[in-house]
Amino acid sequence: MLKKPLVVIIVTNYNGASITFKGKPILQLCLKSIIKSSYKKIKIIVADDKSFDKSKQLANNFRTVEFIVNKKKRGFATNNNNAIKYAIKKYNPDYILLLNNDIIIKDRYWLNKLLKIAEKDNKIGIVSPKTIYPDGTLQYNGIYLKYGVMPRIRVWESQKRNKESEEIEIAGGAAMLIKRSVINKIGLLDENFIMGLEDVDYSLRAREAGFNIIYYSETNIVHLEHYTTNHFPKKDAVKFKEEQFNYAYFSIKHFHNFKRFKSIFLNVILRSFFEIGPNSGIKNVKLRHNILFNLNISIKEISNAYKKYRSLKPR
């Protein structure tokens, strides 16, 4: 890199001061790990989704961290989009890096490495780092579409094949480096998704626009995974309803004809009968209770998703 690009790191946050890991707030752990990075041409923004804890006071303890807050709680996509628009207007960055607040970075050279990959080729639009559990085991290294339609987590280790980087279908949204040219061409996250599949949708849109998505294995980024949602859980019926809308909207938006039917069947209808985890394998499939009730919700959400899609699609 002859000229060092400017990276704006956006940490999406909701009550990250009151959720702890090993006795310390996850937002504090996240920000401390970012600041230790060797790459210094960065701006750090905490995008707060109307927290009711002391997240602002905690972030203000870091003089290089900027804290912006939504006027009301809007969810993952809107929260990030507001911060991206703010960052572009104020800083005009070359890259936007989206991070969850439950990320802890162990490798101080992580950003240098990701940028080195991203700068290799103009066609590279998004770089996704290796994500591990706190015990060091692999959590996931991107996402792929099983049977061409089902978003599933990749859990095989690329390093065993002597690859430090490789092209993948979909980047994981917990940590995603996005080149400015991608944002200029395809826009922001789709705010119609309700806390899920935003990363899948954005990656597919980027690929459809001609960009490549790269997974990079030579990093140590710890993802605590679901720390915020587990501490502030939704009722099962509400969560199920939102998930079914997301999968139906995703299916209708990205697929057509038989492939759309296939996606709705596998991603929506089957989920009325079975609880399907993000990984492959029979161990991640459990029979649900209240199947008829679930099926009724699923049919309603397919209809709602189709109406939403039709309202957005140009006539």
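Residues numbered from 1 in each chain as written. Predicted model: local features only at pLDDT ≥ 70, side-chain atom pairs only at ≥ 80, totals over all residues. Heavy atoms only, no water.

Focus: the overall build of the chain
Of regular secondary structure, the chain possesses ten helices and 16 strands. Taking 315 residues into account, the globule formula puts the C-alpha radius of gyration at 20 Å, and the chain, at 19 Å, falls close to it. Of all intrachain contacts in the chain linking residues separated by at least 6 positions in sequence, the fraction that spans at least 24 positions is 74%. As displayed, the chain has an accessible area near 15,700 Å², and 53% of this comes from carbon and sulfur atoms. Between the centroid of the 56 positive side chains of the chain and the centroid of its 28 negative side chains there is a distance of 3 Å. (Helix = DSSP H or I, 4+ residues; strand = E, 2+ residues; numbered from the N terminus. Rg over C-alpha atoms; globule rule 2.2 N^0.38 Å. Contact = heavy atoms within 4.5 Å. Areas by Shrake-Rupley, 256 points an atom, 1.4 Å probe, with all protein chains shown as cover. Lys, Arg positive; Asp, Glu negative; His and termini not counted. Charge placed at Lys NZ, Arg CZ, Asp CG, Glu CD.)

Re unusual backbone geometry
Although it is not a glycine, Leu 197 adopts a positive phi angle of roughly 70 degrees. Counting through the fold element by element, Leu 197 comes out in the loop between α5 (180-186) and α6 (198-208). Classification of Leu 197 by relative accessible area gives buried; the value is 12%. The backbone of Asn 257 sits at a positive phi, close to 55 degrees, despite the residue not being glycine. Relative to the assigned elements, Asn 257 resides in helix α9 (residues 257-273). (Buried < 20%, exposed > 50% of the residue type's maximum accessible area, 1.4 Å probe, protein only.)

Notes on the pairing of strand β1 (residues 7-13)
Here β1 lies mainly inside the structure; seven of its seven residues are buried. Residues Val 7, Ile 9, Val 11 and Asn 13 line one face of β1 and the alternating positions Val 8, Ile 10 and Thr 12 line the opposite face, and both faces are buried. Direction of pairing for β1 relative to strand β4 (residues 42-48): parallel, over a ladder of seven bridges. Residue pairing across strands places Val 11 opposite Val 46, the latter belonging to β4. Bridge count for β1 against strand β6 (residues 95-100) is six bridges, and the pairing is parallel. If you follow Thr 12 over to β6, its bridge partner there is Asn 100. (Pairing = 2+ DSSP bridges.)

Thoughts on the packing of aromatic side chains
A full pass over the atoms with the stated rule returns five aromatic pairs. Look at Phe 258 and Phe 261: their rings are 6.4 Å apart centre to centre, the planes differ by 35 degrees, and that puts the pair in the tilted class. Of this pair, Phe 258 and Phe 261 both sit in helix α9, three residues apart, roughly one helical turn. No difference in accessibility class separates Phe 258 from Phe 261, as the two residues are exposed. By way of ring pairs, the aromatic residues Phe 193, Phe 245 and Tyr 249 are connected into one cluster. Lying across the ring of Tyr 215, Arg 154 places its NZ or CZ 5.6 Å from the centre. (Phe/Tyr/Trp six-rings, centres within 6.5 Å; stacked < 30°, edge-to-face > 60°. Lys NZ or Arg CZ within 6 Å of the ring centre and 35° of its normal.)

Quick look at the nonpolar core
The biggest cluster of nonpolar side chains holds 38 residues, and the ones touching the most others in it are Val 7, Ile 9, Leu 31, Ile 34 and Leu 99. No other element matches the six residues that helix α4 (residues 110-118) contributes to this core. Ignoring anything within four residues of it in the chain, the contact list for Ile 34 reads Ile 9, Val 11, Ile 42, Ile 44, Leu 99 and Ile 105. Counting 29 residues, the second largest nonpolar core, distinct from the first, contains Ile 45, Tyr 91, Ile 96 and Ala 171. (Core = buried A, V, L, I, M, F, W, Y, C linked by side-chain atoms within 4.5 Å.)

Observations regarding the side chain of His 254
Topologically, His 254 is positioned in helix α8 (residues 236-254). Owing to a relative accessible area of 11%, His 254 belongs among the buried residues under this scheme. Polar contacts involving the side chain of His 254 include one to the side chain of Asp 201, which spans 2.7 Å. Not counting the four nearest positions on each side in its chain, His 254 is found in contact with Asp 201, Leu 204, Arg 205 and Glu 208. (Polar contact = N/O pair within 3.5 Å; in protein donor to acceptor, adjacent residues only side chain to side chain.)

Points about the packing of α8 against helix α10 (residues 291-312)
Viewed as axis vectors pointing N to C, α8 and α10 meet at an angle of 45 degrees, and their least axial separation amounts to 8 Å. Accordingly, the angle class assigned to the pair α8 and α10 is oblique. Here α8 and α10 pass one another in a crossing that is right-handed. Where α8 abuts α10, its residues Phe 240, Lys 241, Gln 244, Phe 245, Ala 248, Tyr 249, Ile 252 and Lys 253 lie against Asn 294, Ile 297, Ser 298, Glu 301, Ile 302, Asn 304, Ala 305, Tyr 306, Lys 308, Tyr 309 and Leu 312. (Axes fitted to C-alpha atoms, helices over the stretch in contact; angles between N-to-C directions. Parallel < 35°, antiparallel > 145°, perpendicular 65-115°, else oblique. Left-handed = near helix turned anticlockwise from the far one by under 90°.)

A word on the confidence of the model for the chain
Per-residue confidence for the chain gives a mean pLDDT of 90, with 91% of residues at or over 70. In the model of the chain, helix α7 (residues 227-231) stands out as the element of lowest mean pLDDT, 59, in contrast to α5, which has the highest, 98. (pLDDT = per-residue confidence, 0-100.)

Considering the environment of Leu 6
Looking at where Leu 6 falls in the secondary structure, it is placed in the segment before β1. In sequence terms Leu 6 and Lys 241 are 235 residues apart; their C-alpha atoms lie 40 Å from each other.

Concerning the pairing of strand β10 (residues 143-146)
Here is the key point about a regular strand: its side chains alternate between the two faces of the sheet. As defined by bridge partners, β10 adjoins strand β11 (residues 150-153) across four bridges and the pair is classed as antiparallel. Residue pairing in the sheet places Lys 146 in a bridge with Met 150 of β11. Hairpin connection from β10 to β11: three residues lie between these consecutive antiparallel strands, with Tyr 147 at a positive phi of about 55 degrees.

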